[in-house]
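Report on the structure
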Amino acid sequence: MATGRREFDPIVAILVALNILWSGGKLMRRSVGGLMDEADPGVHERLVALLEEEAGRLGIRYHDLRHRNAGTKLNIEVHLLFPAGISIAQAHEQATGIEKRIQQTFPEEVEILTHLEPIEGHDEVHVKTL
């Protein structure tokens, strides 16, 4: 109507339809990712950076980091590996400090599960099978 040329109508209609399909496809992709508990790459990067910093500061290691969004809550699980000379009370205190730091980093509600393990002999106890 704007140009007075009828041949533009089907072209504009096709462009509008493609836009709807593209937008709908992205929406479906996000919805399926949410239903399948897909991890957010941005959250993962922030968690890895924070854990690397804290592990370096405390002289510990970590592995098996997992996280997912459950509605408005972020669920995080990580294994923290401590040297043999540290008591369980000290390890728990350090793990609680890491948990608090993570909770302060994210604005949403965060539920964190930390699993405390010894560094020594860890690989022998937890043999990964394919």
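Refer to the preceding data block for the structure.
Report follows, based on the coordinates. (Residues numbered from 1 in each chain as written. Predicted model: local features only at pLDDT ≥ 70, side-chain atom pairs only at ≥ 80, totals over all residues. Heavy atoms only, no water.)

1. Some words on the nonpolar core
Within soluble globular proteins, side chains that are nonpolar generally end up buried alongside one another. The criterion, for reference: Here the nonpolar core consists of buried residues drawn from Ala, Val, Leu, Ile, Met, Phe, Trp, Tyr and Cys, with membership extended through side-chain atoms lying within 4.5 Å. Note on exposure labels: buried denotes an accessible area under 20% of the residue type's maximum, exposed denotes more than 50%, and partly exposed covers the range between, all computed with a 1.4 Å probe on protein chains only. Labels follow the DSSP assignment, with helices taken as runs of H or I lasting at least four residues and strands as runs of E lasting at least two, numbered in each case from the N terminus. By definition in these notes, contact holds between two residues if any of their heavy atoms fall within 4.5 Å.
Formed by 21 residues in total, the largest nonpolar core has its most connected members in Ile76, Leu80 and Ile102. Looking at this core, the elements that each hand over two or more residues are helix H2 (41-58), strand S1 (61-70), strand S2 (73-82), helix H3 (88-105) and strand S3 (109-118). Apart from the residues lying within four places of it in its own chain, the contact partners of Ile102 are Leu47, Leu50, Leu51, Ile76, Val110 and Ile112.

2. A look at the pattern of salt bridges
Put simply, the rule is: When a carboxyl oxygen of Asp or Glu lies within 4 Å of a side-chain nitrogen of Lys or Arg, that pair is called a salt bridge.
Inspection of every chain in the model, using the stated rule, returns five salt bridges. The shortest N-O distance in the salt bridge between Glu77 and Arg66 comes to 2.8 Å. Taken together, the residues span a long stretch of sequence, with Glu77 in strand S2 and Arg66 in strand S1 at a distance of 11 residues. Glu111 is paired through a salt bridge with Lys73; the nearest N and O atoms lie 2.9 Å apart. You can see Glu111 sitting in strand S3 and its partner Lys73 sitting in strand S2, a full 38 residues away along the chain. Given a relative accessible area of 43%, Glu111 falls into the partly exposed group.

3. What about the sheet that holds S3?
For the record, the criterion: Here the rule is simple: two strands pair whenever DSSP picks up at least two bridges between them. Axis angles are defined between N-to-C directions and span 0 to 180 degrees, where every axis is a line fitted to C-alpha atoms and, for a helix, only to the segment in contact.
The sheet built from three strands is open, its strands ordered S1-S2-S3 with mixed pairing. Pairing within the sheet leaves two strands with one partner each, and these edge strands are S1 and S3. Neighbour-to-neighbour, the strand axes of the sheet open up by a mean angle of 10°, direction not taken into account. As defined by bridge partners, S2 adjoins S3 across 10 bridges and the pair is classed as parallel. Counted as the bridge partner of Val78 is Thr114 from S3. Lying on the sheet, H2 is in contact with S1 and S2; it crosses S1 at an angle near 150°. In the packing of H3 onto the sheet, the strands contacted are S2 and S3, and the crossing angle to S3 comes to about 150°.

4. Let's talk about the packing of H2 against H3
Relative placement of two packed helices is described by the angle separating their axes and the distance separating the axes. Where we set the bar: Working rule for angles: under 35 degrees goes down as roughly parallel, over 145 as roughly antiparallel, 65 to 115 as roughly perpendicular, anything else as oblique. By definition, any crossing whose near helix is turned counterclockwise from its far helix by less than a right angle is left-handed, and any crossing with a clockwise turn is right-handed.
Packing of H2 against H3 leaves a shortest axis separation of 11 Å and a crossing angle of 150°. Put simply, H2 runs roughly antiparallel to H3. Seen along the crossing, H2 lies across H3 with a hand that is right-handed. Contact residues: Arg46, Leu47, Leu50, Leu51, Glu53, Glu54 and Leu58 in H2; Gln94, Ile98, Arg101, Ile102 and Thr105 in H3.

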